[in-house]
Amino acid sequence: MFGKLSKEIIIHKNNDFLKIEIPKGYSFGKFSNALKNLNIDDELKRKIIGLVFKYDFNIVNENKKIPALEIYFINNNNTSYEIIKENNDNLLISKIIMSDQIYETSIEIKNNNYLISNLIHELNGSTKTIKTYSSVDNETTGKMRKEDAFCIAKNFLDDLFINNIINVNNLYKNLNIVTEDKYNPVISDDVISLCSITKIKNINDRKFCNFNIILNATYEVIGDISFNYNESGPSELGNVMYNIKENYRNNRYCTKALALLKKLLKDNNFDGDKNLYIAAINEYSVRVAKANGGVEIPYKYTDENCGDDLFDEGTIKEEQEVPTMFKINI
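Remarks on the overall build of the chain
Here is step 1 of the chain: Secondary structure summary: the chain contains six helices and 21 strands in total.
Here is step 2 of the chain: Going through the 330 residues of the chain one by one, you find that 44% of them count as buried.
Here is step 3 of the chain: For the chain, contacts bridging at least 24 residues in sequence account for 47% of all contacts bridging at least 6.

Focus on the sheet that holds strand E12 (residues 185-188)
Here is step 1 of the chain: Taken together, the five strands give an open sheet; going across it, the order is E12-E13-E14-E15-E16, and neighbouring strands pair in antiparallel fashion. Sheet topology places E12 and strand E16 (240-244) at the edges, where each strand pairs with a single neighbour. Neighbour to neighbour, the strand axes of the sheet diverge by 25 degrees on average, direction disregarded.
Here is step 2 of the chain: Bridge count for strand E14 (residues 208-215) against strand E15 (residues 221-228) is seven bridges, and the pairing is antiparallel. Residue pairing across strands places Phe-211 opposite Ile-225, the latter belonging to E15.

Description of unusual backbone geometry
Here is step 1 of the chain: The residue Asn-15 is not glycine, and still its phi comes out positive at about 50 degrees.
Here is step 2 of the chain: If you trace the backbone, Asn-15 turns up in the loop between strand E2 (10-14) and strand E3 (17-22).
Here is step 3 of the chain: Judged by relative accessible area, Asn-15 falls into the exposed class, the value being 71%.

Let's talk about the environment of Gly-293
Here is step 1 of the chain: Summarising the element assignment, Gly-293 is placed in the loop between helix H6 (283-291) and strand E18 (295-297).
Here is step 2 of the chain: The spatial distance from the C-alpha of Gly-293 to the C-alpha of Lys-327 is 8.2 Å, given a sequence separation of 34 residues.
Here is step 3 of the chain: Those residues in contact with Gly-293, other than ones at most four positions away along the chain, are Lys-327 and Ile-328.

Examining the packing of helix H1 (residues 28-35) against helix H2 (residues 42-55)
Here is step 1 of the chain: Across the interface, H1 lies against H2 with an axial gap of 11 Å and an inter-helix angle of 165 degrees. On the basis of the axis angle, H1 is roughly antiparallel to H2. For H1 against H2, the interelement crossing comes out right-handed. Within the contact between the two elements, H1 uses Phe-28, Phe-31, Ser-32 and Leu-35 and H2 uses Lys-45, Ile-48, Ile-49 and Val-52.
Here is step 2 of the chain: Classifying every residue of the contact of H1 with H2 gives six nonpolar, one polar and one charged.

Topic: the pairing of E12
Here is step 1 of the chain: As defined by bridge partners, E12 adjoins strand E13 (residues 192-196) across three bridges and the pair is classed as antiparallel. Bridge pairing in E13 links Ile-187 to Leu-194.
Here is step 2 of the chain: Counting the residues between successive antiparallel strands, the hairpin from E12 to E13 contains three residues.

Description of the nonpolar core
Here is step 1 of the chain: Grouped together as the largest cluster of nonpolar side chains are 32 residues, with contacts concentrated most on Leu-194, Phe-211, Ile-225, Leu-258 and Leu-261.
Here is step 2 of the chain: Elements with a minimum of two residues in this core: E13, E14, E15, E16, helix H5 (253-265), strand E17 (276-280), H6 and strand E21 (324-328).
Here is step 3 of the chain: Setting aside residues no more than four positions away along its own chain, Leu-261 makes contact with Leu-194, Phe-211, Ile-225, Ser-226, Phe-227 and Val-240.
Here is step 4 of the chain: Of all hydrophobic cores here, the second largest spans 29 residues; its members include Tyr-133, Val-168, Cys-195 and Val-221.

Looking at H6
Residues three or four positions apart in an α-helix share a direction because the helix packs 3.6 residues into each turn.
Here is step 1 of the chain: Taken together, the buried positions of H6 are Ser-285, Val-288 and Ala-289. Along the axis of H6, the buried positions cluster into a sector of 100 degrees, meaning they face one direction only. Those residues of H6 that are exposed and angled more than 90 degrees off the buried face are Glu-283 and Lys-290.
Here is step 2 of the chain: The inward-facing, buried residues of H6 contact E16, H5, E17 and E21.
Here is step 3 of the chain: N-cap assignment for H6: the residue whose side-chain oxygen lies 3.2 Å from the backbone N of Tyr-284 is Asn-282.
Here is step 4 of the chain: Two residues or fewer past H6, Gly-293 is found with a positive phi of approximately 85 degrees.

The rules behind the values
Residues numbered from 1 in each chain as written. Predicted model: local features only at pLDDT ≥ 70, side-chain atom pairs only at ≥ 80, totals over all residues. Heavy atoms only, no water. Helix = DSSP H or I, 4+ residues; strand = E, 2+ residues; numbered from the N terminus. Buried < 20%, exposed > 50% of the residue type's maximum accessible area, 1.4 Å probe, protein only. Contact = heavy atoms within 4.5 Å. Pairing = 2+ DSSP bridges. Axes fitted to C-alpha atoms, helices over the stretch in contact; angles between N-to-C directions. Parallel < 35°, antiparallel > 145°, perpendicular 65-115°, else oblique. Left-handed = near helix turned anticlockwise from the far one by under 90°. Nonpolar A, V, L, I, M, F, W, Y, C, P; charged D, E, K, R; others polar. Core = buried A, V, L, I, M, F, W, Y, C linked by side-chain atoms within 4.5 Å. Arc of directions from axis to C-beta. Polar contact = N/O pair within 3.5 Å; in protein donor to acceptor, adjacent residues only side chain to side chain.

Written out as structure tokens, the structure reads:
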């Protein structure tokens, strides 16, 4: 069923799905009055008011304008979802009702900060336990471990994603968690996994591949690494490229990722030179290469293996600093 609550507020209702679109500029008082005309039961109206209040308790001041919002109430099997969205700021609440208790998981994201909460309520409405993890609050009272919080968040988002309940790609991005369709681990150790961005039938047949580097404990995308086998040999930048996001550096993640790639490529079906070559473009690259058995080698720069910016009419430009090359045997 589709209908209009007023000229401005739009209602979409279909079985276990309800969506309310509130345009920018509504006061809380005007919204409350308009809500009275909605053809739904009073309990759901109270839930809608409560959800808006949870999103921003200052909105209750009748003179304050409500931002453009989308509100969802969705029932899926034994789980009810209450979702409120404002551009990239989101509050999601999942309630799983059991026979004697209500288990509630919520994810709140505002201004690139987030709060993940896990609550247990008695059926009489009282709250039994509260555990939270915040990107900005370092207090330990009632705090979850980051690993537990992100596991809860990923399970929550995956459920929404798999069941096509609502587009949650921006939530994955804000939490820096790998999306369900791109979580394809190819090889792992006890800390990280290399995940192909697309599903690959046989990785050993690939001459080129780019992998996301994922933290196993939190599913965070912390960087990427790629290899590129070429019949003519490696380029001036080698045949391996890698990067770790700034907030995750100095934890040896790149060293671990290169070790996994080295192990993976032992079984690659490429019949040319399978060894890894890394251009020492900075101290960071040198450390990673050496930590994986890299040995500095002489490297002949030619028109075929170097980019145009390195050569001038077939000779290396005098002002161009030629990088050192490290070789890692496979």
